[in-house]
Amino acid sequence: MLQRSLFIESGDHQLHVRHIAREGCSAGQPVLMVHGAIENGRIFYNEKGRGFGPYLAEQGFDVYILDLRGRGQTIPPIAPFDEHGQSETIIEDLPLFINYVYEQNPQPMHLVAHSWGGVLLSATFARFPYLLDKVRSQVYFGTKRRVGAFNLEVLFKVKFMWRFLAPKLAKRKGYLAAKALSFGSDDETIKSHAQSMVWTKSLDWIDEHDGFDYAKACQHIQWPPTQFIAAINDKALGHPDDVKRFMAEANYVDAKYVLLAKSQGAKRDYDHISMLTDSAAREDHFSEIAHWMEKT
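Scope of this entry: the structure provided in the associated data block. (Residues numbered from 1 in each chain as written. Predicted model: local features only at pLDDT ≥ 70, side-chain atom pairs only at ≥ 80, totals over all residues. Heavy atoms only, no water.)

Let's talk about the overall build of the protein chain
Heads up, the rule is: Comment: elements are numbered from the N terminus, with helices defined as DSSP H or I runs of at least four residues and strands as E runs of at least two. Radius of gyration means the value over C-alpha atoms here, while the globule rule gives 2.2 Å times the residue count to the 0.38 power. Only protein chains enter the accessibility calculation, which uses a 1.4 Å probe; a residue whose area is less than 20% of its type maximum is buried, one above 50% is exposed, and one in between is partly exposed. Any two residues whose heavy atoms approach within 4.5 Å are treated as being in contact. Every accessible area reported is derived by Shrake-Rupley at a probe size of 1.4 Å, with residue values counting cover from the shown protein chains alone. His is not counted here, nor are the chain ends, while Lys and Arg score as positive and Asp and Glu score as negative. A single reference atom marks each charge: NZ on Lys, CZ on Arg, CG on Asp, CD on Glu.
Each helix and strand counted, the protein chain has 9 helices and 10 strands in total. Here the C-alpha atoms of the protein chain give a radius of gyration of 18 Å, agreeing with the 19 Å that 2.2 N^0.38 yields for 296 residues. Once the C-alpha set of the protein chain is aligned to its principal axes, its extents read approximately 50 × 45 × 40 Å. Taking all 296 residues of the protein chain together, the buried fraction comes to 57%. Pairs at least 24 apart in sequence give 74% of the contacts found in the protein chain among residues at least 6 apart. As presented, the protein chain carries roughly 12700 Å² of accessible surface, and 51% of it is formed by carbon and sulfur atoms. Side chains of the protein chain carry 34 positive and 36 negative charges; the gap between the two charge centres is 5 Å.

Below, the structure is given as structure tokens:
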């Protein structure tokens, strides 16, 4: 298995992409993987060959795993009072990543996203639907936009940590130091955190800068084959009910919904992170998803 780091220029940033492929399989079906908030591309891989990215590469896919601005190995890392946020991700960086992968391997690609990464991708296609010409399929793990579920985990992780405490800590330090707080695997800018926080609360999916109505735009999109993967023990960050709400809001009427639970035949009752990191996932749902991707 070959792994290498690639970098794409975006203004003053060098955006990092981890390329993983089996030797001799660089012409396999391309896959672009997009991480979520307070994390980076490592949710999909490590150097020892573990994770969904290396697994897909073993099956012959040509895998590209991105790090968004300031996250992972992208240069420079987030600094106090950086002004970029999810607007730049949606309008500038994700189209850049999609076009870059297509240039490297000019055939329609599979998209894999975790959590908020699926919201950002869907928002990008709402603004630039022509980019879907480069997409073969989509797989979204634990993706939700609005948090409508209500339980103790939602009260602590979302209402207290994300909406109450995190803004205060971010204002004091100049960015949300989620990694140092053991609240996530990477940091967020004040703007990125604030924008995502608004979307998790609001019934409307509207861009606060220019008023673009993402939900309305999605009603005119014919999505490629898409799977939404939810986990039974994901109580707050990608609650199964919130995943279904996003599917309806974004007009994924023909998408496949999969619940990872022992009651549904899975080996584990997975949660928001273990759905991608548990060792059982390889022979549990990774293999089924890879087979589905090959056939689309």
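Overview of the packing of aromatic side chains
The cut-off we apply is this: Each Phe, Tyr or Trp ring, with Trp reduced to its six-membered ring, pairs with another whose centre is within 6.5 Å; inter-plane angles below 30 degrees give stacked pairs, above 60 give edge-to-face pairs, and intermediate values give tilted ones. When the NZ atom of lysine or the CZ atom of arginine is within 6 Å of a ring's centre and also within 35 degrees of its normal, the charge is said to sit over that ring.
Taken as a whole and assessed by the stated rule, the structure comprises 20 aromatic pairs. Summarising the aromatic geometry, the rings of Phe52 and Phe141 are spaced 5.6 Å apart at their centres and angled 75 degrees between planes, so their arrangement reads as edge-to-face. Of this pair, Phe52 sits in helix H1 (residues 52-58) while Phe141 is found in strand E6 (residues 135-141), placing the two residues 89 residues apart along the sequence. Summarising the burial analysis for this pair, Phe52 and Phe141 share the class buried. Ring pairs connect the aromatic residues Trp116, Phe125, Tyr140, Trp199, Trp205, Phe212, Tyr214, Trp223, Phe228, Phe246 and Tyr252, which therefore count as one cluster. Just above the ring of Phe212 sits the side chain of Arg127; from NZ or CZ to the centre is 4.5 Å. Taking the ring centre of Tyr102 as reference, the NZ or CZ of Lys134 above it sits at 5.2 Å.

Regarding the packing of helix H2 (residues 86-104) against helix H3 (residues 116-127)
Applied cut-off: To define axes, lines are fitted to C-alpha atoms, for helices over the stretch in contact only, and angles between the resulting N-to-C directions are given on a 0 to 180 degree scale. Each angle receives one of four descriptions, namely roughly parallel if under 35 degrees, roughly antiparallel if over 145, roughly perpendicular if within 65 to 115, and oblique otherwise. Gly counts as polar in this scheme, as do all residues outside two lists: the nonpolar Ala, Val, Leu, Ile, Met, Phe, Trp, Tyr, Cys and Pro, and the charged Asp, Glu, Lys and Arg.
The N-to-C vectors of H2 and H3 enclose an angle of 80 degrees; their axes lie 9 Å apart at closest approach. The pairing of H2 with H3 is recorded here as roughly perpendicular in orientation. Each of Gln86, Thr89, Ile90, Ile91, Leu94, Pro95 and Ile98 in H2 lies in contact with H3, whose residues at this interface are Trp116, Leu120, Leu121, Ala123, Thr124, Phe125 and Arg127. In terms of residue class, the contact of H2 with H3 is built from 10 nonpolar, 3 polar and 1 charged.

Side note on helix H5 (residues 190-201)
To be explicit about the condition: By this rule, a helix spans an expected 1.5 Å times one less than how many residues it contains.
Taking 1.5 Å per residue, 12 residues should reach 16 Å; H5 reaches 17 Å between its end C-alpha atoms and fits that length. Where H5 is concerned, the buried positions are Ser192, His193, Gln195, Ser196, Met197, Trp199 and Thr200. Its buried side turned inward, H5 meets H2, H3, helix H4 (152-173), strand E7 (175-176), strand E8 (188-189) and helix H6 (214-218).

Notes on the sheet that holds strand E2 (residues 13-21)
The strands making up a sheet associate through hydrogen bonds between their backbones, and the pairing can be parallel or antiparallel. Applicable threshold: One bridge is not enough; two strands pair if DSSP finds at least two bridges between them.
Reading across from one edge, E1-E2-E4-E3-E5-E6-E9-E10 is the order of the 8 strands in this open sheet, with mixed pairing throughout. Edge positions in the sheet fall to strand E1 (2-10) and strand E10 (256-260), since each has one partner strand and no second. Averaged over neighbouring strand pairs, the angle between their axes works out to 20 degrees when direction is ignored. Across 5 bridges, the pairing between strand E9 (residues 226-231) and E10 is parallel. Residue pairing across strands places Ala230 opposite Leu259, the latter belonging to E10. Its contacts with the sheet put H2 on E1, E2, strand E3 (30-34), strand E4 (62-66) and strand E5 (109-114), and the angle it makes with E1 is roughly 130 degrees. Strands in contact with helix H9 (residues 282-295) are E3, E5, E6, E9 and E10; relative to E6, the strand with the most contacts, it is inclined by about 160 degrees.

Regarding H2
Taking 1.5 Å per residue as the helical rise, H2 with its 19 residues ought to reach 27 Å, and the 25 Å between its terminal C-alpha atoms agrees with that figure. Of all the positions in H2, only Gln86, Ser87, Glu88, Thr89, Ile90, Asp93, Leu94, Pro95, Phe97, Ile98, Tyr100 and Val101 are classed as buried.

Remarks on the pairing of E5
Stated precisely, the cut-off is as follows: Handedness of a crossover is defined as follows: with both strands directed away from the viewer, a clockwise route from the first strand across the helix to the second makes it right-handed.
Of all 6 residues making up E5, 6 are buried, and the element is well covered by its neighbours. Here E5 shows two buried faces, one formed by Met109, Leu111 and Ala113 and the other by His110, Val112 and His114. Bridging between E3 and E5 involves 4 bridges; their strand directions are parallel. Counterpart to Val31 in the pairing with E5 is His110. Examined bridge by bridge, E5 and E6 share 6 bridges and lie parallel to one another. Looking at E6, one finds that Met109 is bridged to Val135. Running through H3, the crossover from E5 to the neighbouring parallel element E6 is right-handed.

Description of the side chain of Asn40
Let me state the cut-off plainly: For this analysis, a polar contact is any N or O atom pair within 3.5 Å, provided that within protein one partner can donate a hydrogen and the other can accept it, and provided that sequence-adjacent residues contribute only side-chain to side-chain pairs.
With respect to the element layout, Asn40 can be found in the loop between E3 and H1. When its relative accessible area of 9% is taken as the criterion, Asn40 is described as buried. For Asn40, the side chain forms a polar contact with the main-chain nitrogen of Arg42, separated by 2.9 Å. With sequence-adjacent residues up to four places away left out, Asn40 is seen in contact with His35, Asp67, Arg71, Gly72, Ser185 and Asp186.

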